[in-house]
Every structure is written in structure tokens, then in C-alpha cells.
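# Secondary and tertiary structure notes
Spelled out from the first residue to the last, the chains are:
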Amino acid sequence: MKVLGISGSPRPHGNTSFLVKEALEVIKKEGIDVEFISLSDKDMNPCLACDLCKETGKCEISDDINDILEKMKEADAIILGSPVYFGGVSAQLKMLMDRSRPLRVGFQLKNKIGGAIAVGASRNGGQETTIQQIHNFFLIHSMIVVGDGEPTAHYGGTGVGKAPEECKNDKIGIETSKNLGKKIAELLKLMKK
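Below is a short write-up of the structure. Just so we're clear, the structure is a prediction, and the values are computed from it rather than from any experiment.

Conventions adopted
- The residue numbering used here restarts from 1 in each chain and proceeds along that chain's sequence as written.
- Side-chain atom pairs in this predicted model are given and counted only at pLDDT of 80 or more, local residue features only at pLDDT of at least 70, and totals for whole chains, interfaces and linings cover all residues.
- The side-chain values count all of the structure's non-hydrogen atoms but skip hydrogen atoms and water molecules.
- Strands here are runs of E lasting at least two residues and helices are runs of H or I lasting at least four, both read from the DSSP assignment and numbered beginning at the N terminus.
- Here, nonpolar core means buried Ala, Val, Leu, Ile, Met, Phe, Trp, Tyr and Cys residues that are tied together by side-chain atoms lying within 4.5 Å of each other.
- Only protein chains enter the accessibility calculation, which uses a 1.4 Å probe; a residue whose area is less than 20% of its type maximum is buried, one above 50% is exposed, and one in between is partly exposed.
- The contact rule is simple, with two residues in contact once any of their heavy atoms fall within 4.5 Å.
- For two strands to be treated as a pair, DSSP must find at least two bridges joining them.
- For this analysis, a ring pair means two rings from Phe, Tyr or Trp (six-membered ring only for Trp) whose centres lie within 6.5 Å, classed as stacked if their planes differ by under 30 degrees, edge-to-face if by over 60, and tilted for the remaining angles.
- Note on geometry: a ring has a charge over it if NZ (lysine) or CZ (arginine) is within 6 Å of the ring centre and within 35 degrees of the ring normal.
- For crossovers, right-handed means that the path from the first strand over the helix to the second runs clockwise, given strands pointing away from the viewer.

### Section: the environment of Glu70
In this fold, Glu70 is placed in helix α3 (residues 65-74). For Glu70 and Leu103, which are 33 residues apart along the polypeptide, the C-alpha to C-alpha distance reads 9.1 Å.

Now the structure itself:
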């Protein structure tokens, strides 16, 4: 079993990366392999709507996204994290989402578990709408969407941080992200029985 955690933040060591890693650490302690990817240093280009991926099952653009799509196919669960940008995901994460069209050929992410983490500048800073956008992505890929599980049991990890590393002091953000990791590990184990 393997869980892939992806931070869609343009910052390599920001709050989103921190919370995604918190969730992955919980999963790792359950004996499940994890991998972390930051989109901050990746060579990525937007979808050109050429529709060749519908015919070939591959994106014709040559950049780092193709390697990430392969890792997504290989994973049993995927955590997507994003800072809030005007109530939605970052441009980096949106680019990855848009370029995932080849994975819809044959629904290659079907029945994989998906969990979301979002970080806003205030407690009610658009985290839930950002998570909803990530959940919509998972649903369109026919994935299994999970929230952060009890005792918080909401939509996913929700952090608050304006400045880099501010989430290290956000107890709620850490708790909800860890609970997301616990829920993913729990469901993976149930599915693999």
C-alpha cells in the first residue's frame, strides 16, 4: 500500500507542505509507504485542450506532470493540499488537475482514496471551498473521498497560516490533518483485507 501526498503550494517549505507531511507521518506510522511531492519546483505547463489524451491516454506535453500522473496511478491513496487562492486551489494544483485528463481514460484512479488539505490566511479563509474543489476532482475521477475522521470529522485538513511555518502553531490544522491521515490509513487497511 502506498499514499502519495502532493502539496500544491508555490512555496517549497510552506504551511501546506507542513500539513500534508503531518498527515503522511501518521500514515507512515501505520506501516504504509508514503511519498511526498511539492509542486513548487516542478516544470509544469497548462492543458492546451488538444484532446490528444482522449485518443492516446497520454498527455503530449513533455514536463514533470507526466511523472506525477504515473505516481498517482501507482498510489492507493492520494492527499492533495493547497493554499487558498481566492476561495480555490493554487494555479500549480489546478494545472495538475487539468492535466490529469489522461487518467480518466479507463478511469485509472477509480476506487483510490482521496483526501484534501487546505490552508487559508484566517480560520474561515476559504479552506472549505478549496477542499470542495479538490473533492470534486476526486469524484470526477471516480475516487473514494474521505474527510478527516473523528473526533473532528469534517471535510479534511484545514490550516491557518499567513506566513510560512505559521501552521506549526495551528493546533486545529495539525489535528485535522493528522485525523485525515488516520482515516486514510484505516480505510486502506479495511479495503486491503
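From this point, things continue past the structure.
### Concerning the nonpolar core
Residues Ile6, Leu39, Met72, Leu80, Leu93, Leu96 and Ile134 are the most contacted members of the largest nonpolar core, which totals 27 residues. Of all elements in the fold, only β1 (2-7), α3, β3 (77-83), α4 (91-98), β4 (113-120) and α5 (127-140) reach the threshold of two or more residues within this core. The residues touching Ile134, leaving out its near neighbours within four places in the chain, are Leu80, Ser82, Val89, Leu93, Met97, Ala116 and Ile117. Of all hydrophobic cores here, the second largest spans 20 residues; its members include Val3, Ile32, Ile113 and Val119.

### Section: the pairing of strand β6 (residues 157-160)
Side chains Gly157 and Gly159 of β6 all project onto a buried face; the interleaved residues Thr158 and Val160 project onto the opposite face, where all are buried too. Where β4 and β6 come together, 4 bridges link them in parallel fashion. Within β6, the residue paired with Val119 across the bridge is Gly159.

### Re the packing of aromatic side chains
Counted according to the given criterion, the structure contains 1 aromatic pair. With a centroid separation of 5.9 Å and an interplanar angle of 55°, the aromatic rings of Phe137 and Phe138 are classed as tilted. On the accessibility criterion, Phe138 (0% relative accessible area) is buried. The ring of Phe36 carries Lys21 above its face, with NZ or CZ at 4.8 Å from the centroid.

### Focus on the pairing of β3
Of all 7 residues in β3, 7 are buried, a share of seventy percent or more. Burial along β3 is two-sided: Ala77, Ile79, Gly81 and Pro83 facing one way and Ile78, Leu80 and Ser82 facing the other are all buried. Here β1 runs beside β3; their pairing, made up of 5 bridges, is parallel. Bridge pairing links Val3 to Ala77 in β3. As judged from the 7 bridges shared by β3 and β4, these two strands associate in the parallel manner. Note on β4: the bridge partner recorded for Ile79 is Gly115. Remark: the β3/α4/β4 crossover connection has right-handed handedness.

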